[in-house]
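Residues per chain, in single letters:
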Amino acid sequence: MAKERKKKTDRIATVKARRSAVPPTGDTTRGIAVPGVADVKTPGGGPVPPPFLPRWGPNNPHPLSTMKTELVWEGKYDEWGNRREVDIAGCAMPMQRIETIDQPRSEAAAAGQLAMFEKKTTRVDDFRNRLIWGDNKLVMASLLAEFKGKIDLIYIDPPFDVGADFTMDVPIGDEDGDVVQKDQSALEMVAYADTWGRGTASYLGMMSERLRLMFEMLADHGSLFVHCDWRVASLLRLVLDQVFGPECYRGHIVWRSMTPSGFKGKTSLGKSYDDILYYSRKATGFRYNPQKIPYDAAYLKQRFSKVDEKGRNFKDEKIGTATSDETIERLRKEGRIYVTAQGTLRIKHFLDEADGYFMDDVWTDIFHENSQADGRTGYATQKPEALLTRIISAGSNPGDLVADFFCGSGTTGAVAEKLGRRWIMADLGRFAIHTTRKRLIDVQRTLSAEGKPYRSFDVHNLGRYERQWWQQEALKGADTEHRRVVLEFFKAEILDPAKSSSPLIHGRKGRALCHVDGIDGIFTAAEAREVAKAAAGMGATECYCLAWDFEMDIRQRMAAIEAETGVKLFPLPIPKEIMERNRKDSPPWLEVAVLEAEPVYRKTKEGTTVDIKLTKFLPSLAQIDNKELEEIRKRAIKSGFDFIDFWAIDFDWHADKPFNHHWQDYRTRKDRSLVTVSTAGYEYPKAGTYTACVKVVDVFGCDTSITVQVKV
Ligand SMILES: C[S@@+](CC[C@H](N)C(=O)[O-])C[C@H]1O[C@@H](n2cnc3c(N)ncnc32)[C@H](O)[C@@H]1O
């Protein structure tokens, strides 16, 4: 059968070959049948109809003869043959500032000397850096109004077209080598997914839209570095040529990212490098600061092997023919002329003056940081800071604006901050945003403690606008459709609205009923009461409440409702991942964590200082029943604080304002310790009742906030 099919394919290929063998001029202009073709049979066995060819020729050139080189993928053109453009206006939406991170605590602040520290601040206030949680297409479209033509350098490291999820390890608690930590499989979390779906066409479509937006964001002297590898480098180069123009191609950097190993290359050629494609916004006038690369030690040893009478190592090179006698005389006086055995004069280059060579496009001197190194965040695809230091130093100046719209663990921002650049970063992953926020707070603290300048930053998201856009684009507007998709990802049975006795109950999972909150709403305690009553009315004792946003302190308030109605409520935030294009697998559903805290008052000579004590924490755990998770659950019940990765306090919180980080503590790879009573010694300006907000991020990157009333 397969053989038969192959034969037919071969026949079709012959027909095509014969047709194309016909010269484009001559008889074909009269549209005559091609000789010989009539003998050929169609795949169905019948004779092939004589092909009548159009009148191609100098007066009517065949389209192929005038075609430009272009990479085409499915979806690039619409049904009418028009190039699909990014709908910038349709994607632009207001940004929500959800957190402000202004005042890193130094060691002095930790010791309660905040006022003194504040006076000595080295904070630069010309710009607030931005970390944005959301799909970068929407993020960039939303930033364009403010930043079109204003970004000096963009570096991106998009996930490759791998079609697989990346995972990461999640350490727990204070100690290295924690018992639970060993059992990695149970702790692996999906850090980010391959958002491109499964095909090259969808990858190219996604990338070309985003590169187009980056092109718009760049200043005339700006440039873009795209980090990729052999899988997509050749394709991206063509897309970049199209978006920027081949004249803006500045280079293809080969970064030897792997050290040679005995295992690689045993059965085929080993792969050891990543590709970084470098384009400038304009062909001329781009910003470029040449970098000196230190010579390799082996090269120095081999080349600078001669030693002069003063004991200085040198290498010798021939003297340029245009060198004047005076110059040679001067060099001789300086001891820089070497005379060979044959009496030829050569110039000496001393080892102690060899400060390296000008950067070229092969980088072999930057290595991945060791997995245990201080700077490692645990993010699987984290790139070395040395790599970003080179790129940012070469392509931008201090004070310039540097962006990374696929920021991962935030390497670009961390380096930009250290080099005195302003930055904007975005990522769609919850874990990426958490990792980056923590990393950048740490950079701020370190710079501040060293008396070096740093800038504040804010965390933004697109809030409900992103969901509305998704509903509009992907779900074509219908709210019932939104509920159906949510329930499908939750793997629950969808209840026919006509048959459900309450409009508040939308699905069933096992013996529990399900409520799906509206796409725009914040699920409040009042709604929870109505849902619990409806579930009780349908004879259920358990109900899942699936919502995009929950009212502050929902857990505590639900406890009273449960007691009142006899229905156990499970508040589950709808994971943003379900909005990813082409996603089919269900992302983890994590219950809202249990968090309790209370104020701690201390009398001082000046008055009262306030701190917050965490009294209970039960992390968000996935709704999966397996043995490993059961172990984690037990551990979480016993020592929930071990699952806290980061916590912060806004001592004077207002519902309509972003969360202001007055104080934070967090674990790092190096320092796993974490306090459960804050050390802020916060002083309120005057007596009164205040609301403090406590934000806890657990080791899985899930964020929980509660409020605490403070009376001073
Ligand atoms: C290879 S990682 C970047 C690693 C980074 N260079 C570092 O040093 O940590 C790629 C990142 O792109 C993010 N990403 C993928 N698609 C995205 C999208 N459409 N919008 C924003 N971020 C996206 C992923 O969540 C992931 O964190």
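Residues numbered from 1 in each chain as written. Predicted model: local features only at pLDDT ≥ 70, side-chain atom pairs only at ≥ 80, totals over all residues. Heavy atoms only, no water.

Bringing the overall build of the protein into the picture now. On a plain count of helices and strands, the protein comes out with 20 helices and 30 strands. Relative to its full complement of 712 residues, the protein shows a buried share of 47%. The contacts of the protein with a sequence gap of at least 6 include a subset with a gap of at least 24, amounting to 70%. Entry remark: accessible area of the protein is about 35500 Å², with carbon and sulfur atoms responsible for 53%. (Helix = DSSP H or I, 4+ residues; strand = E, 2+ residues; numbered from the N terminus. Buried < 20%, exposed > 50% of the residue type's maximum accessible area, 1.4 Å probe, protein only. Contact = heavy atoms within 4.5 Å. Areas by Shrake-Rupley, 256 points an atom, 1.4 Å probe, with all protein chains shown as cover.)

Enumeration according to the criterion identifies 22 aromatic pairs in this entry. The rings of Phe215, Phe244, Tyr249 and Tyr279 are connected pair by pair, giving a single aromatic cluster. A cation over a ring is seen here: Arg464 above Tyr465, with NZ or CZ 4.9 Å from the ring centre. (Phe/Tyr/Trp six-rings, centres within 6.5 Å; stacked < 30°, edge-to-face > 60°. Lys NZ or Arg CZ within 6 Å of the ring centre and 35° of its normal.)

This next bit is on the pairing of strand S17 (residues 422-427). Along S17, six of the six residues are buried, which leaves the element largely enclosed by surrounding structure. The alternating pattern of S17 places Arg422, Ile424 and Ala426 on one face and Trp423, Met425 and Asp427 on the opposite face, and all of these are buried. Alignment of strand S2 (residues 123-133) against S17, held across four bridges, turns out to be parallel. Bridging across to S17, Ile132 finds its partner in Ala426. Across four bridges, the pairing between strand S16 (residues 401-404) and S17 is parallel. The residue of S17 that forms the bridge with Ala403 is Ile424. (Pairing = 2+ DSSP bridges.)

Two strands in a sheet stick together by hydrogen bonds in their backbones, pointing the same way (parallel) or opposite ways (antiparallel). With respect to topology, five strands assemble into an open sheet ordered S19-S20-S21-S22-S23, the strand pairing being mixed. Two strands close off the open sheet at either side, each with one partner strand: strand S19 (493-494) and strand S23 (568-573). Where strand S21 (residues 512-516) meets strand S22 (residues 542-547), four bridges bridge the pair, whose relative direction is parallel. What sits directly across from His515, in S22, is Cys545. Packing of helix H18 (residues 525-537) onto the sheet brings it into contact with S21, S22 and S23, and relative to S22 it is tilted by some 140 degrees. Contacts from helix H19 (residues 554-565) reach S22 and S23, with the element oriented near 155 degrees to S23. (Axes fitted to C-alpha atoms, helices over the stretch in contact; angles between N-to-C directions.)

In the region of the ligand, 20 residues are neighbours, and Asp157, Tyr379, Ser409, Thr411 and Asp427 sit closest. In this structure, Asn136 approaches the ligand through a main-chain N or O atom, which is 2.9 Å from a nitrogen atom. Within the complex, 99% of the 610 Å² of free accessible area of the ligand lies under protein. Of the residues belonging to the shell around the ligand, the class tally is seven nonpolar, eight polar and five charged. (Near = heavy atom within 4 Å. Polar contact = N/O pair within 3.5 Å; in protein donor to acceptor, adjacent residues only side chain to side chain. Nonpolar A, V, L, I, M, F, W, Y, C, P; charged D, E, K, R; others polar.)

Let's shift gears to the side chain of Glu542. Of note, Glu542 is situated in strand S22. In terms of polar contacts, Glu542 uses its side chain to reach the side chain of Arg511, at 3.1 Å. Once residues lying within four places of it in the same chain are set aside, the contact partners of Glu542 are Arg511, Ala512, Leu513, Val567, Lys568 and Phe570.

The next thing to look at is the pattern of salt bridges. In total, this model carries 48 salt bridges according to the counting rule given. Among the ionic pairs, Asp400 bridges to Arg287, the shortest N-O distance being 2.6 Å. Of this pair, Asp400 sits in the loop between helix H13 (385-395) and S16 while Arg287 sits in the loop between strand S8 (273-280) and strand S9 (292-293), and the two are 113 residues apart along the sequence. Arg439 is the partner of Glu385 in a salt bridge, and the nearest nitrogen-oxygen pair spans 2.9 Å. On the criterion of sequence distance, the pair formed by Glu385 in helix H13 and Arg439 in helix H15 (residues 430-449) is long-range, its members being 54 residues apart. The network of salt bridges with common partners includes Arg312, Arg330, Glu334, Arg336, Asp352 and Glu353. (Salt bridge = Lys/Arg side-chain N within 4 Å of Asp/Glu carboxyl O.)

Even without being a glycine, Lys491 presents a positive backbone phi close to 60 degrees. With respect to the helices and strands, Lys491 occurs in the loop between helix H17 (479-489) and S19. We classify Lys491 as exposed; its relative accessible area is 61%. Positive phi, close to 65 degrees, is recorded for Asp553, a residue that is not glycine. Take Asp553: it is sitting in the loop between S22 and H19.

On to the confidence of the model for the protein, then. Low-confidence regions, as indicated by low pLDDT, have predicted coordinates that should not be scrutinised in detail. When the pLDDT values of the protein are averaged, the result is 84; 82% of them are 70 or greater. Below a pLDDT of 50 lies the segment residues 1-39, which in the model reaches 35 contacts outside its immediate sequence neighbourhood of four places, other chains included. (pLDDT = per-residue confidence, 0-100.)

In spatial order, the strands read S28-S26-S29-S30; together these four strands make up an open sheet with antiparallel pairing. Looking at strand neighbours, the two that pair on one side only are strand S28 (663-666) and strand S30 (703-711), the edges of this open sheet. Strand after strand, the sheet turns through a mean of 15 degrees between neighbouring axes, direction not considered. As paired elements, strand S26 (residues 644-650) and strand S29 (residues 689-698) share six bridges and run antiparallel to each other. Opposite Ala648, over in S29, you have Lys695 as the bridge partner. Where H15 meets the sheet, it contacts S26, S28, S29 and S30, and its direction lies at approximately 110 degrees from that of S28.

The end-to-end C-alpha distance of helix H6 (residues 136-147), which contains twelve residues, comes to just 14 Å, noticeably less than the 16 Å that a straight helix rising 1.5 Å per residue would cover. Inspection of H6 places Asn136, Lys137, Leu138, Val139, Met140, Ala141, Ser142, Leu143, Leu144 and Phe147 among the buried residues, and these make up the whole buried set. The N-capping residue of H6, defined by a side-chain oxygen 2.8 Å from the backbone nitrogen of Lys137, is Asp135. Just downstream of H6 lies Gly149, where phi reads positive at about 70 degrees. (Expected span 1.5 Å × (residues − 1).)

Here helix H9 (residues 200-217) contains 18 residues, and its C-alpha end-to-end distance of 25 Å stays within 8% of the 26 Å for a straight helix at 1.5 Å per residue. Counted residue by residue, H9 has 14 buried out of 18 residues, so it is predominantly covered.

Attention now goes to the environment of Gly90. Its place among the elements puts Gly90 in helix H3 (residues 88-91). Measuring from C-alpha to C-alpha, the distance between Gly90 and Ala141 comes to 8.5 Å, with 51 residues separating the pair along the chain.

Here we take up the environment of Val254. Take Val254: it is sitting in strand S7 (residues 249-256). Sequence-wise, Val254 and Asp274 are 20 residues apart; in three dimensions their C-alpha atoms are separated by 6.0 Å. Setting aside chain neighbours within four positions, we find Val254 in contact with Tyr273, Asp274, Asp361, Val362 and Trp363.

Here the focus is the nonpolar core. Nonpolar side chains in soluble globular proteins tend to end up buried together. Residues Ile154, Leu211, Leu224, Phe405 and Ile424 are the most contacted members of the largest nonpolar core, which totals 46 residues. It is H9 that provides the largest number of residues to this core, a total of eight residues. Aside from chain neighbours lying at most four places away, what touches Ile424 is Phe127, Arg130, Ile132, Leu143, Phe147, Ile151, Leu401, Val402, Ala403, Asp404 and Phe405. Formed by 40 residues, the second largest nonpolar core is a distinct cluster that contains Ile366, Leu388, Ile392 and Ala414. (Core = buried A, V, L, I, M, F, W, Y, C linked by side-chain atoms within 4.5 Å.)

Before going further, it helps to spend a moment on the packing of H6 against H9. With their axes 10 Å apart at the nearest point, H6 and H9 run at an angle of 15 degrees to one another. Compared by their axis directions, H6 and H9 come out roughly parallel. Judged by the twist between their axes, the crossing of H6 over H9 is left-handed. Contacts between H6 and H9 involve Asn136, Lys137, Met140, Ala141, Leu143, Leu144 and Phe147 on the former and, on the latter, Glu209, Arg210, Leu213, Met214, Glu216 and Met217. (Parallel < 35°, antiparallel > 145°, perpendicular 65-115°, else oblique. Left-handed = near helix turned anticlockwise from the far one by under 90°.)

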